[in-house]
Amino acid sequence: MKGLILSGGAGTRLRPITHTSAKQLVPIANKPILFYGIEAMARAGIREIGIIVGSTREEIKSAVGDGSQFGVKVTYIPQDEPLGLAHCVLIADKFLGDDDFIMYLGDNMLEQGLEEFVTDFESARASKKESEKPSAQILLCHVEDPRHFGVAEVDKNGHVVRLVEKPKDPPSDLALVGVYLFDKTINKAVRSIKPSARGELEITDAIQWLVDNKLSVRHKVLQGWWIDTGKKDPLLECNRLVLDAMTPRMNGTVDAASQIQGRVTIEKGAKISNSRIRGPVVIGPDAIVEDSYIGPYTSLGKNCRVIKSEMDHSVVLDGSSIVGVSKLTDSLIGRDVEVIRSFQQPRALRLMLGDDSKVELE
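What counts as what
Residues numbered from 1 in each chain as written. Predicted model: local features only at pLDDT ≥ 70, side-chain atom pairs only at ≥ 80, totals over all residues. Heavy atoms only, no water. Helix = DSSP H or I, 4+ residues; strand = E, 2+ residues; numbered from the N terminus. Contact = heavy atoms within 4.5 Å. Axes fitted to C-alpha atoms, helices over the stretch in contact; angles between N-to-C directions. Parallel < 35°, antiparallel > 145°, perpendicular 65-115°, else oblique. Left-handed = near helix turned anticlockwise from the far one by under 90°. Nonpolar A, V, L, I, M, F, W, Y, C, P; charged D, E, K, R; others polar. Pairing = 2+ DSSP bridges.

Caption draft 1: Spotlight on the environment of Ala270. Relative to the helices and strands, Ala270 is located in the loop between β16 (264-266) and β17 (271-273). Through-space distance from the C-alpha of Ala270 to that of Val281 is 13 Å; in sequence the pair is eleven residues apart. Excluding residues within four positions of it along the chain, Ala270 makes contact with Gly252, Thr253, Ile283, Gly284, Asp286 and Ala287.

Shown next as structure tokens:
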């Protein structure tokens, strides 16, 4: 079985961060989101992974490389325009060949691993008659308001009978998570459907084609949490959930005047002086924290500086500085950003903000 990870999206909902960076490389607990998906596939026994890349392809290639750091072999598949999830299957046909594969959205985060999902599909395809083998298996999740998702209707035997995209009257509360298993039949399906009203080849239409042609589509219901990290608040929530399960490590330097409370990871080269760190927190390599308070659910990237400041529930990317800030919370700070208290007269807010920025003041 092969893997296909979709990482071609522009990440417009995370601007301005994604004006200069791939959304799939924004870190959760100081690890790029994309890495979690690759590692999940590797743990499930997938050794060949194709990654769909768009305008940020060079940055993703630089971060992931040939895949050897994860124990896999990576092939990059360019997508010049975002023409739909089913279009990704279409352009990956040479890589996929006739093999079964798992398709995974690169900005999704799951608590549950992929091992059981993959094993169940492989077992079903190996143990049944040719006519009864499933052509697809989809991962579903119970949600409070299914009107905002692709929704599946399932019969009493566990087979998917209908898929509806963002229905006004949902047939169930089972939303598509963004993890799919297919055999080679999906290649015929994506060639048989037409673009939707928004001009894209929809994977829901391709799966519905399988159902309409009497092919078996199975499902599994997700255990644990699932988050689409495409917006700031869900990304911060995901950071919180991952930090909650983190195993602490202490590889940096903490002076006698500092207090470390709870699950805290301090990476090599980081220095903590006269500060209080209350976990769960991760502080990246060579970061400096002086005369400050770092509260729960904060991820501080490599080479960051926090001086005479207080912060919690935030993600700060590499190379940024927070100086003299009395309280920073619920924030996503990009790379090489400076947030400083100014003592110039007259007292005022002095801002230089990029396109699509958002600032909330007291």
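Still more ground to cover, so stick around.
Caption draft 2: The arrangement of the packing of helix α1 (residues 33-43) against helix α2 (residues 57-64) in detail. The geometry of α1 relative to α2 is characterised by a closest axis approach of 11 Å and an angle of 55° between their N-to-C directions. With respect to their mutual orientation, α1 and α2 come out oblique. Once α1 is placed against α2, the crossing between them reads as right-handed. Facing α1, whose interface residues are Leu34, Phe35 and Ile38, α2 presents Ile60, Ala63 and Val64. The class makeup of the residues in the contact of α1 with α2 is six nonpolar, no polar and no charged.

Caption draft 3: Structural view of the sheet that holds strand β19 (residues 281-283). Strand order in the open sheet made by the five strands is β16-β19-β22-β25-β28, with parallel pairing throughout. Each having just a single partner strand, β16 and β28 (332-333) make up the two edges of the open sheet. Relative to β19, β16 runs parallel, the two being bridged by three bridges. Bridged to Val264 within β19 is Val281.

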